[in-house]
Amino acid sequence: MPAPARRQAAAPRAPGAGGAALTGRQKAAIIVRLLLAEGDSLPLRALPDHMQAALTEQIGAMRTVDRITLEAVVEEFIAQLDSIGLSFPGGIDGALHMLDGHISATAASRLKRLSGASSKADPWDRIAALEIEKLLPVLSEESAEVCAVMLSKLPVSRAAELLGRLPGERARRIAHAVGQTGNIDPETVRRIGLALAAQLESQPLRAFEAEPHERIGAILNASPAATRDEVMEGLAAADEGFARQVRKAIFTFADIAGRIEGRDIAKVIRGVEQARLVTALAGAGAEGDAASAEFILANMSQRMAATLREEIAERGKVREKDAEAAMTEIVASVRSLVDAGEITLRPAEEETEEG
């Protein structure tokens, strides 16, 4: 058979339709049927409901496809896949997930509201992505029936964790309500999801991620000791409760001995120049600072400690300003390691006593 005749014979045709060319929907049905026959798992649930319905109707309307037509559809499908250079997630939800951390919280919140208003968006996907702490208030405040629907739509592991964190009587009421959801229709479940998603996502945005006492504590960490003491004295006089929280958030050079594990000292001093380390240790004259300086020396190799002690002795008296700057550098090293999760601070003595 000549090549043009072979290509014409291989062109996708609708079976039993007088040789008419296949529609895009028919080709999609053929590909889906073939993949399912091969045992592949297809994420068809990710498609909008109307597309799932259209595909199902098309599969139900078709009967048989000859081998030549099947091969032609598969070749066309593979050619289309090969020609794709870049793909996008599709929909606002997918775009938000891809851009998470790259756009502002204000823009993300506005786009989530737009996404929630879309009739094609599944609100339960957004609800399932929220933290446990955000979902717990719903189980405490909403009716047992609404809570039963929410638990039924969440992954089993998350639903079990939420139920386990409720008081016994409340957990039993919600569990009983789950048993009453057998005849609830899908549209009602979706409307409940839309209402909960709007409620959960309408919470006011916070301008600062850190708590107030953590922010002022971080500022005072980098402040001179005199400034820190003066500010803390004023805070204690104005608001003792807030001052107590700030005091817990402050970490100074004097706290090293009591709140850092000895094995972590090597990590702390690794990023500090030896000259700066010598300045800090030599200038540690106050009682707490001196204890931390000795703690640092005691938790390094004997050879290095001996070298540092010699340099400290040779250095002599250090200006208070230079010593504070060097100590602040070591404290900054500690903070960066804590933020990176490489070391953990022990609770302050005040926290331990209150606990």
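### Brief notes about the overall build of the protein chain
Looking only at helices and strands, the protein chain has 22 helices and zero strands in total. Sorting the 355 residues of the protein chain into buried and exposed places 30% on the buried side. Considering only residue pairs separated by 6 or more positions, the protein chain has 72% of its internal contacts joining residues 24 or more positions apart. Summing over all exposed atoms, the protein chain offers an accessible surface of approximately 22,500 Å²; the carbon and sulfur share of this is 54%.

### Some thoughts on the nonpolar core
Counting residues in hydrophobic clusters, the biggest one holds 31 residues, and the most contacted among them are Phe 253, Ile 256, Ile 260, Leu 281, Ile 296 and Ile 330. Dropping the residues within four chain positions of it, Ile 260 is found in contact with Phe 251, Asp 255, Ile 265, Val 268, Phe 295, Val 334, Leu 345 and Arg 346. Leu 130, Met 150, Leu 196 and Ala 197 belong to the second-largest nonpolar core, a separate cluster that totals 27 residues.

### Some details on the pattern of salt bridges
Per the counting criterion, the structure on display carries 12 salt bridges. The closest approach of N and O atoms between Glu 261 and Arg 263, which form a salt bridge, is 4.0 Å. With a relative accessible area of 67%, Arg 263 lands in the exposed category. Overlapping salt bridges bring together Glu 133, Glu 161 and Arg 165 as one network.

### What about the environment of Asp 255?
Inspection of the secondary structure assignment puts Asp 255 in the loop between helix H15 (240-249) and helix H16 (256-259). Distance in space between the C-alpha atoms of Asp 255 and Ala 348 is 8.3 Å, their sequence separation being 93 residues. For Asp 255, the residues in contact, after removing those within four places along its chain, are Ile 250, Ile 260 and Ser 292. A polar contact is formed between the side chain of Asp 255 and the backbone nitrogen of Thr 252, at a distance of 2.8 Å.

### Quick word on helix H3 (residues 49-61)
Helix length check: H3, at 13 residues, gives a terminal C-alpha distance of 19 Å against a target of 18 Å (1.5 Å per residue), a fit within 8%. Taken together, the buried positions of H3 are occupied by Ala 54, Leu 55 and Gln 58. Within H3, the buried residues cover an arc of 95° as seen down the axis, which keeps them to one side. Facing away from the buried surface of H3 by more than 90 degrees, the exposed residues are Asp 49, Thr 56 and Glu 57. Elements that come into contact with the buried residues of H3 comprise helix H2 (24-37).

### Concerning a nonpolar patch on the surface
On the surface, a cluster of nonpolar side chains totalling about 350 Å² of accessible area is made up of Phe 77, Ile 78, Leu 81 and Ile 84. By the element assignment, Ile 84 lies in the loop between helix H4 (67-83) and helix H5 (91-98).

### A closer look at the environment of Arg 173
By secondary structure assignment, the location of Arg 173 is in helix H11 (residues 168-178). The spacing of Arg 173 and Ala 144 is 29 residues in sequence and 6.4 Å in space, taken between C-alpha atoms.

Cut-offs and rules
- Numbering of residues starts from 1 in each chain and follows the order in which that chain's sequence is written.
- Confidence filtering applies because this is a predicted model: local features only for residues at pLDDT of at least 70, side-chain atom pairs given and counted only at 80 or more, and all residues used for totals across whole chains, interfaces and linings.
- Only hydrogens and water are removed before side-chain values are computed, so all heavy atoms of the structure are retained for them.
- Elements are defined by DSSP. Helices are runs of H or I of four residues or more, strands are runs of E of two residues or more, and each kind is numbered from the N terminus.
- For the exposure calls, accessible area comes from a 1.4 Å probe over protein chains only, and a residue counts as buried if that area is under 20% of its type's maximum, exposed if over 50%, partly exposed in between.
- In what follows, a contact means two residues having at least one pair of non-hydrogen atoms within 4.5 Å.
- Every accessible area reported is derived by Shrake-Rupley at a probe size of 1.4 Å, with residue values counting cover from the shown protein chains alone.
- For our purposes a nonpolar core is just a set of buried Ala, Val, Leu, Ile, Met, Phe, Trp, Tyr and Cys residues, chained together by side-chain atoms within 4.5 Å.
- Only one rule defines a salt bridge in this text: a Lys or Arg side-chain nitrogen within 4 Å of an Asp or Glu carboxyl oxygen.
- Here a polar contact is taken to be a pair of N or O atoms separated by no more than 3.5 Å, where protein atoms must pair a possible hydrogen donor with a possible acceptor and residues adjacent in sequence count only if both atoms sit in side chains.
- Any helix carries an expected span of 1.5 Å times its number of residues minus one.
- The directions considered for the arc run from the helix axis to the C-beta atoms.
- Each patch is assembled from residues with relative accessible area greater than 30% and no salt bridge, linking like charges that lie within 9 Å and nonpolar side chains (Val, Leu, Ile, Met, Phe, Trp, Tyr) that lie within 5 Å.

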